[in-house]
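Chain by chain, the residues:
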Amino acid sequence: MSSAYSSATAAPRPVPDLRAALAAGPVVGTFQVLASPAVTEVLVLAGAQVIVLDAEHAALDVTALEHHVRAARSVGGCAVVRVPEIGAYLSRSLDLGAVGVVVPRIETAAQARQVVEAVRFPPLGARGFGAGRASGFGLQMAGYRQTADAETAVVVMVETRRGLENVQEIAAVEGVDVVMVGPADLASSLGTEVGSAQHAAAVEAVFDAALAAGRHVGMHCADAAEAAAYAGRGARLLLVATDSLFLTDSAARTFDDAGASLAQQLTASAGKEQLQGRRFLS
């Protein structure tokens, strides 16, 4: 008797403190663009150590983000928000319970300092108090104020020509935890293809600058093999594909396999019918 359910098994690998996990070794997760919190739960249960909710490219407003963060926490996972830009989303994402922020298209040290200022409490930054989920809706404010800076991950993305030119200064900004490569946008900005010699040199320059400054390196990876390769080069935050790509790739393979199997079956059945017809005529 067959089952329609997956035979795959996985165990959640919770990361309650993302900054500490990054200090200990590579952390593997993915970007989420699908709007259902159920997807967040599935990804954590499948083994993703961190979910990056993509408010830059996906239809995720602050209300939706809160539901996703809650969903991740409900199954022992953690969520980070990729904000659309430097602005109100930074503090609001943290107030609703995200364990960090990913900030796209950082091009100067001044922009990196703006991020740190918005995310860290004084004296490291200028973040204001908010009675959101992260502080127990105000009931745990004092404790949250003491631990938030130590537990909040700040990830800045270098994904433009100008960012690449200033990557050493960006990586040197105190309060930045991870310098992350946006490989597709970086290639586009440089006018080249992902994987070209020029692109590979640019990625290497980001790695070198981040590691020299004592920062972790983050990388958006196409697949598990690429993630393993970049981990071997020193990357710690490894975000593999996206939730929608997992769905489309798996669905396409399944339907292709089903179509091929059905075609083989029909061909075999037609062959049997022809053979039986010849036997009847003889």
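Now for a description of the structure that goes with this document. On a predicted model such as this, the values are computed, not experimentally measured, just so you know. (Residues numbered from 1 in each chain as written. Predicted model: local features only at pLDDT ≥ 70, side-chain atom pairs only at ≥ 80, totals over all residues. Heavy atoms only, no water.)

Brief notes about the nonpolar core
Counting residues in each nonpolar core, the largest one holds 58 residues, and the members touching the most others are L53, V179, F207 and Y230. At six residues, helix 10 (residues 197-212) tops the list of elements feeding residues into this core. If we skip the residues at most four places from it in the chain, Y230 touches V203, F207, M219, C221, A235 and L238. (Core = buried A, V, L, I, M, F, W, Y, C linked by side-chain atoms within 4.5 Å. Buried < 20%, exposed > 50% of the residue type's maximum accessible area, 1.4 Å probe, protein only. Helix = DSSP H or I, 4+ residues; strand = E, 2+ residues; numbered from the N terminus. Contact = heavy atoms within 4.5 Å.)

Observations regarding unusual backbone geometry
Residue P123 is bonded to the preceding P122 through a cis peptide linkage, with omega at 10°. Topologically, P123 is positioned in the loop between helix 5 (109-119) and helix 6 (141-151). Positive phi values are uncommon outside glycine, yet F137 reaches one of about 55°. Its place among the elements puts F137 in the loop between helix 5 and helix 6. Judged by its relative accessible area of 55%, F137 falls in the exposed class.

Side note on helix 3 (residues 62-74)
Look at helix 3: 18 Å from first C-alpha to last across 13 residues, which is about the 18 Å you get at 1.5 Å a residue. Elements that come into contact with the buried residues of helix 3 comprise strand 1 (27-32), helix 2 (37-45), strand 2 (50-54), strand 3 (79-82) and helix 4 (88-95). Measuring from the backbone nitrogen of T63 back to the side-chain oxygen at the start of helix 3 gives 3.3 Å, which picks out D61 as the cap. (Expected span 1.5 Å × (residues − 1). Polar contact = N/O pair within 3.5 Å; in protein donor to acceptor, adjacent residues only side chain to side chain.)

Note that every value here comes from positions in space, so none of it alone points to a role or purpose.
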